[in-house]
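So the chains spell out like this:
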Amino acid sequence: EVQLLESGGELVQPGGSLRLSCAASGFTFSSNAMHWVRQAPGKGLEWVSVIGGRGGGIYYADSVKGRFTISRDNSKNTLFLQMNSLRAEDTAVYYCAKEKDAFDIWGQGTMVTVSS
Amino acid sequence: QAGLTQPPSVSKGLRQTATLTCTGNSNNVGNQGAAWLQQHQGHAPKLLSYRKNNRPSGISERFSAARSGNTASLTITGLQPEDEADYYCSAWDSSLSAWVFGGGTKLTVL
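Residues numbered from 1 in each chain as written. Chains lettered and ligands numbered in written order. Predicted model: local features only at pLDDT ≥ 70, side-chain atom pairs only at ≥ 80, totals over all residues. Heavy atoms only, no water.

Enquirer: Lay out the overall build of chain A in plain terms, naming residues and giving numbers.
Expert: A count of helical and extended segments in chain A gives 0 helices and 11 strands. Secondary structure elements in chain A, listed N-terminal to C-terminal, are β-β-β-β-β-β-β-β-β-β-β. Rg of the C-alpha trace for chain A: 13 Å, near the compact-globule value of 13 Å for 116 residues, within the 12% margin. If one aligns the C-alpha atoms of chain A with their principal axes, the spans along those axes are about 40 × 25 × 25 Å. Looking at chain A residue by residue over its 116 residues, the buried ones come to 48%. Expressed as a percentage of contacts within chain A between residues at least 6 apart in sequence, the contacts between residues at least 24 apart total 52%. Per element, the accessible surface of chain A, about 5,200 Å² overall, is 46% carbon and sulfur. If the 11 positive side-chain charges of chain A are averaged to one point and the 11 negative ones to another, these points end up 4 Å apart. (Helix = DSSP H or I, 4+ residues; strand = E, 2+ residues; numbered from the N terminus. Rg over C-alpha atoms; globule rule 2.2 N^0.38 Å. Buried < 20%, exposed > 50% of the residue type's maximum accessible area, 1.4 Å probe, protein only. Contact = heavy atoms within 4.5 Å. Areas by Shrake-Rupley, 256 points an atom, 1.4 Å probe, with all protein chains shown as cover. Lys, Arg positive; Asp, Glu negative; His and termini not counted. Charge placed at Lys NZ, Arg CZ, Asp CG, Glu CD.)

Enquirer: For the overall build of chain B, give the residues involved together with the corresponding values.
Expert: Helix and strand content of chain B: 1 helix and 9 strands. Reading chain B from its N terminus to its C terminus gives the helix and strand order β-β-α-β-β-β-β-β-β-β. Taken over C-alpha atoms, the radius of gyration comes to 13 Å for chain B, in line with the 13 Å a tight globule of 110 residues would show. Summarising the internal contacts of chain B: among those between residues at least 6 apart in sequence, 60% fall at separations of at least 24. For chain B, the accessible surface area stands at approximately 5,100 Å², while carbon and sulfur atoms represent 44% of it. If you average the places of the 9 positive and of the 6 negative side-chain charges in chain B, the two averages end up 6 Å apart.

Enquirer: For unusual backbone geometry, give the residues involved together with the corresponding values.
Expert: Of note in the backbone geometry, S85 of chain A takes a positive phi value of approximately 50 degrees without being a glycine. By the secondary structure assignment, S85 of chain A is in the loop between β8 (78-83) and β9 (92-100). We note that R15 of chain B has phi near 70 degrees; this positive angle belongs to a residue other than glycine.

Enquirer: Explain the pairing of strand β5 (residues 45-51) of chain A to me, using residue names and the numbers behind them.
Expert: Residues and elements named next belong to chain A. Most of β5 is tucked away: 6 of the 7 residues are buried. Examined bridge by bridge, strand β4 (residues 33-39) and β5 share 6 bridges and lie antiparallel to one another. Paired with M34 across the two strands is I51, which belongs to β5. Pairing geometry for β5 and strand β6 (residues 59-60), over 2 bridges, is antiparallel. Across the sheet, the residue bridging to S49 is Y60, located in β6. (Pairing = 2+ DSSP bridges.)

Enquirer: Residues and numbers for the environment of N74 of chain A, please.
Expert: Residues and elements named next belong to chain A. By the secondary structure assignment, N74 is in the loop between β7 (68-73) and β8. By relative accessible area, which is 27% here, N74 ends up partly exposed. Considering only alpha carbons, one finds N74 and L5, 69 residues apart in sequence, at a separation of 15 Å. Once you skip the residues sitting within four places of it in the chain, N74 turns out to touch F29, S30, G53 and R54. Here G53 takes part through its backbone oxygen, which lies 2.8 Å from a polar atom of the side chain of N74. (Polar contact = N/O pair within 3.5 Å; in protein donor to acceptor, adjacent residues only side chain to side chain.)

Below you can see the structure in the form of structure tokens.
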């Protein structure tokens, strides 16, 4: 069964840092681009970042560029999102999603709350 | 980054047909088409359709997608209570080098 499991979300103060993980199973991880997509409480989906299967092809949304870094460890079938200089507006559920033509498989999400 | 435009809400009756729209430009929807996702309250999104009208396995034939110019559409026939959800469109924007989402349409089945 194809599965994505996010972790690492928690309450963090403004200006702080957090590292999210997404453990993948049930498919050839290195063959697929992977995304992070977030959803603020009561709001719509917002794309955050993508990374190609071999670690290239990295792109970011303007709202996180320079603060967030996406990476992956194909030996451990794990996707990461390093988030620095966090702001209140980064508060959201963060989903990882596998790309096969589009976002075909999603994790259950992990909640990040930025507040003092 | 500019997103795609979707109507905030659509209401239709049981067993009726709903058509949801998603308007972008020639750099996104008009270029490679749009993907459509369904999200029930409290759950992760689910892919319904990608590119022109490709459905992942397990997605009902009641869901069909199309595109005309810079506007994509999702038609849901024979509306069922379980179709009540938020629907999002998304596309790769070649000028922004970014994926963009629509604001979402809340579908109510009366």
